[in-house]
Amino acid sequence: MVEQQPDYAAPAVDKALDILETLAAAADGLSQLDIAKAVDRSPGQIFRVLLRLEKRGYLHRDPQSGLYQLSMRLFDLAHRHEPTRSLIAAAMPAMRRVADATRQSCNLGVIDEGRVRIIAQVESPDDFGFHVRIGALFPLDGTASGNVLAAFSSVVHTDVPESVLADIRRDRLLVRPDSAQPGITDIVHPILRSGLDEAVAALTVPYIATSYSRVPAEDVSAAAARGAREIEHALGI
C-alpha cells in the first residue's frame, strides 16, 4: 500500500503559483482585478503576493496601465537547470558553424509544456537574417520546428496529420515555407537520442532567399544536418 503524503496547506504559496500560472497563460497584461477573478480570490487577498512577486523580479507592472506581466525571471531560472545549460553549451559551437557556412541565422527549440520554446539563437554573419527571440514560445501544430519535435516525441499530442509526421520521421527533415513570415523557408533537423526516435531539440534555419543569398537552400539543409549530428555527438547521445 502506498503511503499517502500529508497535505500541508500553504495558502501564500498557492496564491503565488496561481498568479504565475495565470499570467503565463495570458496573451497580454492583466490588472489586479483580472488576476483576482482568474484565481478566484479578492483583490485584497492577492495584493501582498503581487507586491512580493514584483519586488523579487517575477512580475513587471506597467507604471502607466498598471497591468501585470511575467518578467524573464522564470526563464532565467530555467536556464540554470543543468540539462538546459548542457544542451545550449553543446549546441552553440555547432550552431555558429552552421551560421558561418550558410550565411543564415539558426535557432534551437525544445518542447516546453506542449509548445516550442526557443532556447538558443545564432545571428547570420551577413547584414541580414531572421531573428527569433530567445525564450519565445510557438505552437507545435503551427510551426515547422514544432512539427519536427512532435514527430519525434512519444508524449506530445498534435493535430498534424500522421502522414506528415511519418514523412518527417522518414526524412529526418522538414523544409517548408514559414506559416507566419512570407519569404522565409524553415529548414528543420531534429536532434535525436542515439538509437531512439526521440528528439531532445530541433535545429531550425529560417532561410531567406534573396539576391544576396550566397548559399542555396540544398546546401543550407546539408550544413544544418551536419550541425544537428555535431550537437548529438557533443551531447554524447
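Predicted model only: the values in this text are computed from it and were never measured.

A. Seen up close, the pairing of strand β4 (residues 115-122). For β4, the buried fraction is high: seven of the eight residues fall into the buried class. Bridge count between strand β3 (residues 106-112) and β4: seven bridges; the pairing is antiparallel. In the strand pairing of β4, N107 is matched with Q121. Taken together, the three bridges between β4 and strand β5 (residues 137-139) define a ladder with antiparallel strand orientation. For V116, the partnering residue across the bridge sits in β5 and is F138.

B. Layout of the sheet that holds strand β6 (residues 174-177). Taken together, the six strands give an open sheet; going across it, the order is β5-β4-β3-β8-β7-β6, and neighbouring strands pair in antiparallel fashion. Single-partner strands in this sheet number two, and they are β5 and β6. Strand-to-strand, the axes of this sheet are offset by a mean angle of 30°, without reference to chain direction. In this sheet, strand β7 (residues 184-192) lies alongside β6 in antiparallel orientation, the contact comprising four bridges. Residue pairing for β7: P177 is matched across the bridge by T185. Strands in contact with helix α8 (residues 217-235) are β3, β7 and β8 (199-208); relative to β7, the strand with the most contacts, it is inclined by about 25°.

C. Up close: the environment of S86. The residue S86 is located in helix α5 (residues 82-102) in this model. Residue S86 is classed as partly exposed on the basis of its relative accessible area of 29%.

D. Inspection of the side chain of Q121 at higher detail. The topology assignment puts Q121 in strand β4. The class of Q121 is buried, set by a relative accessible area of 9%. A distance of 3.4 Å separates a polar atom in the side chain of Q121 from the backbone nitrogen of V132. Sequence-distant contacts of Q121, that is, excluding residues within four places in its chain, are made with M92, M95, S105, C106, N107, F130, H131, V132 and I134.

E. A look at the environment of A202. Along the polypeptide, A202 turns up in strand β8. Distance from A202 to H189, taken between C-alpha atoms, is 5.8 Å for residues 13 residues apart in sequence. Residues within four places of A202 in sequence aside, it is in contact with N107, L108, G109, S145, V148, L149, V188, H189, P190 and I191.

Rules of the game
- Residues numbered from 1 in each chain as written.
- Predicted model: local features only at pLDDT ≥ 70, side-chain atom pairs only at ≥ 80, totals over all residues.
- Heavy atoms only, no water.
- Buried < 20%, exposed > 50% of the residue type's maximum accessible area, 1.4 Å probe, protein only.
- Helix = DSSP H or I, 4+ residues; strand = E, 2+ residues; numbered from the N terminus.
- Pairing = 2+ DSSP bridges.
- Axes fitted to C-alpha atoms, helices over the stretch in contact; angles between N-to-C directions.
- Contact = heavy atoms within 4.5 Å.
- Polar contact = N/O pair within 3.5 Å; in protein donor to acceptor, adjacent residues only side chain to side chain.

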